[in-house]
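# Tertiary structure, described
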Amino acid sequence: MTFEEFIMQAREMNASDIHLTVGAPTVVRVNGELRKYTELSDQVVNRTILSILSAEQEKMLTEGHDIDFSFELKNGARQRVNVFRQSGKLAACIRLLNAEIPTLEELKMPPILLEFAKKRRGLVLVTGPTGAGKSTTLAAMVEYINRTRACHIITIEDPIEYRYTQDKATIHQRELGRDVPSFAGALRSALREDPDVILIGEMRDYETISLAMTAAETGHLVFGTLHTSSAAQTIDRIIDACPIHAQEQTRSQLANMLQGIVAQTLVPTNDGKDRVAAVEIMVGNDAVKNLIRSNKIPQMETIMQAGQRNGMSTLNDSLARLYQSGQISYETALEYCTERGEMEKKLLSSVSSR
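Residues numbered from 1 in each chain as written. Predicted model: local features only at pLDDT ≥ 70, side-chain atom pairs only at ≥ 80, totals over all residues. Heavy atoms only, no water.

### Structural notes on the packing of helix α8 (residues 231–240) against helix α9 (residues 247–257)
The line we're drawing: All axes are obtained by fitting lines to C-alpha atoms, using only the stretch in contact for helices, and the reported angles, taken between N-to-C directions, cover 0 to 180 degrees. Helix and strand labels come from DSSP, where a helix needs a run of H or I of at least four residues and a strand needs a run of E of at least two; each type is numbered from the N terminus. An angle below 35 degrees is read as roughly parallel, one above 145 as roughly antiparallel, one from 65 to 115 as roughly perpendicular, and any other as oblique. Should the near helix be turned anticlockwise from the far one by less than a right angle, the crossing is left-handed, and should it be turned clockwise, the crossing is right-handed. Residue contacts follow a heavy-atom distance rule, with two residues in contact if any of their heavy atoms lie within 4.5 Å. Amino acid classes used here: Ala, Val, Leu, Ile, Met, Phe, Trp, Tyr, Cys and Pro are nonpolar; Asp, Glu, Lys and Arg are charged; the rest, including Gly, are polar.
The interhelical angle for the contact between α8 and α9, taken along N-to-C directions, is 140°, at an axis separation of 9 Å. Put simply, α8 runs oblique to α9. Here α8 and α9 pass one another in a crossing that is right-handed. Counted together, I235, I238, I239 and D240 of α8 and Q247, T250, R251 and L254 of α9 form the full contact between these two elements. In terms of residue class, the contact of α8 with α9 is made up of four nonpolar, two polar and two charged.

### Structural notes on the layout of surface pockets
Where we set the bar: We place a 1 Å grid over just the protein atoms. Points where a 1.4 Å probe fits but has no way out form a cavity, open points with protein on both sides within 12 Å along at least 5 of 7 lines form a pocket, and any residue with an atom within 4 Å of a point lines it. Grid points are joined across faces, edges and corners, and a volume is the space filled by probe spheres set on the points.
Estimates place the volume of the second largest pocket at around 390 Å³. Around the second largest pocket, the lining comprises 17 residues; the ones closest to its centre are Q57, D68, F69, L176 and G177. Elements represented by at least two residues in the lining of the second largest pocket include exactly α3 (55–62) and β4 (67–72). The leading source of residues in the lining of the second largest pocket is β4, at four residues.

### Describing the sheet that holds strand β10 (residues 197–200)
Note the following rule: Two strands are said to pair when DSSP picks up at least two bridges between them.
Taken in spatial order, the seven strands line up as β9-β8-β10-β11-β7-β12-β13 in an open sheet, and their pairing is mixed. Unpaired on one side and paired on the other, β9 (170–175) and β13 (275–283) mark the two borders of the sheet. With direction set aside, neighbouring strand axes in the sheet form an average angle of 15°. Bridge analysis of strand β12 (residues 258–268) against β13 gives nine bridges, and the strand direction is antiparallel. Looking at the pairing, V262 lines up with I281 of β13. Sitting on the sheet, helix α5 (residues 134–148) is in contact with β7 (122–127), β8 (152–157), β9, β10, β11 (221–226) and β12, with an inclination near 170° to β11.

Keep in mind these values describe shape, not function.
What follows is the structure in structure tokens.
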């Protein structure tokens, strides 16, 4: 079996990731669960991993660096790869990316995400754990802009995951390590490249966060991601990443230009054949902005519960709707909820209203 056939077989299984490890079984992740895939000899695994590295990447690996990159099969299917060493042996995680960018409707995302994509300025954050579908949601919003608006879009990614075909928009995609050395460096350049929309693959540090907020303040629509599990945690993470002397100013900036936060996680569907996104949504309205300015972040949950008419939703509300519509089980809703007692009440209410 060639490496390309190996990848395509995993795709036919609806796998999202492949884990190759010298000295251990090869496993794939299907619908969030790891499964043993096939028995490959250590020599085959070692040779397979090295075969997808360039000479420069192989040199970096021997010097102790982890390698992040993407590669494309002959049929256009794209993969994101991380190669590393563990216990002195080679290992790789391969993320199997969708060839086509799905629409927000196909992802079953709430209509408020389309409203975020229609904004002309401000900051929109998509957050969640690794593998929660953040990149796909962002790609769907950027593709909506590409299809509906004549503007200039710059993406800064590590690595590039989805390739856009230019429609109404002009799109430049920049990859860390190949086109630019850092997110912060790319952002500084982007502000001199006449962008309308900027997508930042990850807001990792204070410099990147500060530049992203400056870009949003100066009339650009900025999309970014963080590895946080809720809207409130996202606000805290941004503030905590700043030096103490800059935190008050950061709160003010964030309150001024935050359009919304989408915190998502993927949960298994009832039939066990797929996963669906449960999403917490915070819209940057006056009440939310006042809480940010006054550093009353714990009250954010109450505002989101009261703001459902404006498109807001807590994670528990989203899980309850998925249960009520028959997409997920009672047990799944409880497993992924943020507060079990509250969730049980919502589920009981869902049952009685059916």
